[in-house]
Amino acid sequence: MSTQAWLAAVLATSLVSPIQPAPLTVSAATSMTDALEEIAKAYAAAGGGEVRLNFGGSNTLARQIVNGAPADVLISADEAQMAVVEKAGMVRPGSRVDVVRNQLVVMAAPDRVDLVRERFLQAPADIRRVAIGDPLAVPAGVYARQYLERRGIWKAYEPRIVPAVNVRAALVAVESGGADAAIVYVTDATIARRAVTAFTVPVEETPPIIYPAAILAGSRNVSEAQRFVAFLRGREASAIFRRHKFLAPSGK
Amino acid sequence: MDVSQITIFTIVTALAATTLMVPPGLLLAWLLARRRFPGRVLLETLVSMPLVLPPVATGLILLLLFSPRGPIGRVLATVGIDVVFTWRAVVLAMTVMGLPLFVRTVRAGLEQVDRRYEAMASTLGAPPLRVFFSITLPLALPALVAGAVLGFARAIGEFGATIMIAGSIPGVTRTLPVAIYSFAETGRDGDALLLVAISAGIAFAALWLSNYLSARAGLRA
Amino acid sequence: MIVLDFTLQQGEFRLQLNEELVGRVTVLFGPSGSGKTTILDAVAGLRTPSNGTIALNGRKLFDARARTDLPPHQRHVGYVPQDVALFPHMNVRRNVLYGRRRGQKLSLDSVASILEIVPLLDRQVVRLSGGEKQRVALARALMSAPDLLLLDEPLAAVDFDLRSRILPYLERVRDELGVPIIYVTHDRDEARRFADHVIVLANGVAVRSGPPQEVLT
């Protein structure tokens, strides 16, 4: 409660400020596109400055920053990639915060969803193939694998895993009938055209899927960046994130 | 509506890139077609690099050069010019990726020009620059046009280097290919397909124009 | 007065010349491969001798020792090559006027009427007959007001009938325009009729040199 009051105070004082801020460059993971575009608009409506959102895969964004690209804020979908940027000394010390959490869901085509709901955990042998993000490349795939391992069914599914290059591809696999089930983020369910959610994976059954944000060391606009990050953690942004199916960072 | 913004932005930047390609491209094509000099093979190789390197790698190299701390970016920053994450990065990526194709095509055309005509012009008193512009270039015009169209088409379709150095910033650096990718990734399939259709339309128009001009040039000769 | 005193090595072939030309028309006579065209190329600046000098009216066009090698566009030498090489992307008028320099005395009208190409001026090059192309090429070379005219077998590709009609033009150029001419041919009759001086070439060397009556038997 006191943290929120503090944030509100920072917000209030900064919005009263008459200085015209320079555009802020925010590099953000593609999976947050819709949510962040809304938030950027809300930020402007609340008196904040112009925000230029640069979307990309978390690894591409990290590579850009490490090689000198001039961004002010990084919002990553992958803690490992944030660590890469930190290790390269590109993060402003003490500025890293958790923005949102995500959650896994298991999805299936409408005609297979009952089967998946009943048998996915208990009878893996009845499920033909499972599409997940490539565990070697995509964070969602890493988390999917960890989930299956915790439930003790990774070995059973391993020979029938379809590693997809991204979430889109995993959903296509399910929708085209190539796989019975796909494990994706709850925030990706909206991308699906025909696939529906069989069940949601409880948050405790996977490691925390944290999306961190940080202000970058090369930022020429630190106060504005701080304002924006504070807004991201404020009430209005949280509501927008919730509407797009993201969870609050503390896991509520 | 952002579809028209994306389309117009892509066409304008591709036209700018095509225009930028021409002077250095002509010079390089002429040097490689007509002159022998130490380091010629090295130059030839360097010019062909963007064709062979993965576009992302070329983008990375451009990023290292043009970021505010890079050797070129630093100099530009002193006169207030930012490249990375702006439209300038888009034009830069398009130019770098299209230039090798332009040079190759024009060079082949220049090599086809009978040097007897150039020799005759020379004996008639034309200095080398006049020979180039009044004899060589007009006779190589179909190749020049074809090269420009190829460069333009490459620019319109450029993705890998663009995404690295210009990023995917809606309204600022989203070209057709970058937007198609973004829309496909975030489930906006209808919009993605619309942009695909527009890209195909532009490519078709460019090729049609190129063929039409070549045919006219052929008829004139 | 033209000085040709040079050697030119090209692969196996070696051309060696030491001549002073004073007449109006000098004919280089000999079989193909004897080096006649190479000489013209060297005088025009399209090929570089290995050593020696080439001078025109006292002006050094090439001097190996002094490291002088004027580029073709500075030599004021008109060249009508065997393949004529009219610019295909220009019409006759633009071809003829290409080398015209500002303030020169020669006018398009006079040259065009001497060579009777006035009705051809607006035609495209591709629509010309062999004889017409020769005359246009001649006009083009003349319009650059050269100090020397080089003609490489101008009548070789032209049929016998046409030859007798073009030769008078060449004589007119020689007589009315006063430009010295070096003329390459392997035809004795042309040489006899046209030349003041004949140099007979074989394998890159001048084997005989003198007035046509003496040299050509």
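Residues numbered from 1 in each chain as written. Chains lettered and ligands numbered in written order. Predicted model: local features only at pLDDT ≥ 70, side-chain atom pairs only at ≥ 80, totals over all residues.

### Regarding the overall build of chain C
Stage number 1. For chain C, the count of helices and strands is 7 helices and 11 strands.
Stage number 2. Over its C-alpha atoms chain C spans a radius of gyration of 17 Å, differing by no more than 12% from the 17 Å that the globule rule assigns to 217 residues.
Stage number 3. With 217 residues in all, chain C has 41% of them scored as buried. (Helix = DSSP H or I, 4+ residues; strand = E, 2+ residues; numbered from the N terminus. Rg over C-alpha atoms; globule rule 2.2 N^0.38 Å. Buried ≥ 20, exposed ≤ 12 C-beta atoms within 10 Å, placed from the backbone.)

### Focus on the arrangement of the chains
Stage number 1. Out of 2 pairs of chains that touch, the pair holding the most contacts is chains A and B.
Stage number 2. Spatially, chain A is disjoint from chain C: no contact exists, and the shortest C-alpha separation is 50 Å. (Contact = placed C-beta atoms within 7 Å.)

### Brief notes about the sheet that holds strand 10 (residues 209-215) of chain A
Residues and elements named next belong to chain A.
Stage number 1. Taking strand neighbours across the sheet as the criterion, the 5 strands line up as 2-1-3-10-4 in an open arrangement whose pairing is mixed. A strand with exactly one partner marks an edge of an open sheet, and here the two such strands are strand 2 (51-56) and strand 4 (97-102). Within the sheet, the average angular offset between the axes of one strand and its neighbour, ignoring direction, is 20 degrees.
Stage number 2. When strand 1 (residues 24-29) meets strand 2, the two strands line up parallel, connected through 6 bridges. Bridge pairing links Thr25 to Arg52 in strand 2.
Stage number 3. Packing of helix 2 (residues 33-45) onto the sheet brings it into contact with strand 1 and strand 2, and relative to strand 2 it is tilted by some 175 degrees.
Stage number 4. Helix 9 (residues 222-232) contacts strand 1, strand 2, strand 3 (73-75), strand 4 and strand 10 of the sheet and is inclined by roughly 155 degrees relative to strand 10. (Pairing = 2+ DSSP bridges. Axes fitted to C-alpha atoms, helices over the stretch in contact; angles between N-to-C directions.)

### Quick word on the interface of chain B and chain C
Stage number 1. Each partner contributes to the interface: chain B provides 15 residues, whereas chain C provides 18 residues.
Stage number 2. With 7 residues, the single largest contributor to the side of chain B that touches chain C is helix 6 (residues 115-123) of chain B.
Stage number 3. Per-class residue counts for the side of chain B that touches chain C are 11 nonpolar, 3 polar and 1 charged. (Nonpolar A, V, L, I, M, F, W, Y, C, P; charged D, E, K, R; others polar.)

### Some points on the interface of chain A and chain B
Stage number 1. Listed as interface residues are 19 residues of chain A and, on the opposing side, 21 residues of chain B.
Stage number 2. Where the side of chain A that touches chain B is concerned, the elements lending two or more residues are helix 2, strand 2 and helix 3 (58-66) of chain A.
Stage number 3. Top element by residues in the side of chain A that touches chain B is strand 2 of chain A. It accounts for 5 residues.

### Concerning the nonpolar core
Stage number 1. A:Val73, B:Ala93, B:Ile165 and C:Leu150 are the most contacted members of the largest nonpolar core, which totals 163 residues.
Stage number 2. If near-sequence neighbours (up to four positions away) are discounted, B:Ile165 is found in contact with B:Gly59, B:Leu62, B:Leu63, B:Phe66, B:Val84, B:Ala89, B:Leu92 and B:Ala93.
Stage number 3. Membership of the second largest hydrophobic core comes to 38 residues, among which are A:Leu104, A:Ile127, A:Leu148 and A:Ile161. (Core = buried A, V, L, I, M, F, W, Y, C linked by C-beta atoms within 7 Å.)

### Overview of helix 10 (residues 176-185) of chain B
Stage number 1. Among the 10 residues in helix 10 of chain B, 8 count as buried, and that is most of the element.
Stage number 2. In the stretch just after helix 10 of chain B, B:Gly187 is the one whose phi turns positive, near 85 degrees.

### Focus on the sheet that holds strand 9 (residues 196-200) of chain A
Residues and elements named next belong to chain A.
Stage number 1. Across the sheet, which stays open at both edges, the 5 strands sit in the order 7-6-8-5-9 with mixed pairing between neighbours. Edge positions in the sheet fall to strand 7 (161-164) and strand 9, since each has one partner strand and no second. For this sheet, the mean angle separating the axes of adjacent strands, direction not counted, is 35 degrees.
Stage number 2. Here helix 6 (residues 139-150) sits on the sheet in contact with strand 5 (104-108), strand 6 (130-133), strand 7 and strand 8 (181-185), set at roughly 130 degrees to strand 6.
Stage number 3. Packed onto the sheet, helix 8 (residues 167-175) meets strand 5, strand 6, strand 7 and strand 8 and runs at close to 155 degrees relative to strand 8.

### Focus: helix 8 (residues 141-156) of chain B
Two residues of an α-helix separated by three or four positions point the same way, owing to the 3.6 residues in each turn.
Stage number 1. With 16 residues, helix 8 of chain B ought to run about 22 Å at 1.5 Å a step, and its terminal C-alpha atoms sit 22 Å apart, in line with that.
Stage number 2. The buried count for helix 8 of chain B comes to 13 of 16 residues, which makes it a mostly enclosed element. (Expected span 1.5 Å × (residues − 1).)

### Focus: the packing of helix 1 (residues 2-34) of chain B against helix 8 of chain B
Residues and elements named next belong to chain B.
Stage number 1. Relative to each other, helix 1 and helix 8 sit at 135 degrees, their axes nearing to 9 Å. Relative to helix 8, the element helix 1 is oriented oblique. The two elements helix 1 and helix 8 cross, and the hand of that crossing is right-handed. Judged by residue contacts, Thr10, Ala14, Ala17, Thr18, Met21 and Val22 of helix 1 engage Ala148, Gly151, Phe152, Ala155 and Ile156 from helix 8.
Stage number 2. Residues of the contact of helix 1 with helix 8, tallied by class, amount to 8 nonpolar, 3 polar and no charged. (Parallel < 35°, antiparallel > 145°, perpendicular 65-115°, else oblique. Left-handed = near helix turned anticlockwise from the far one by under 90°.)

Worth remembering: the numbers are spatial, not functional.
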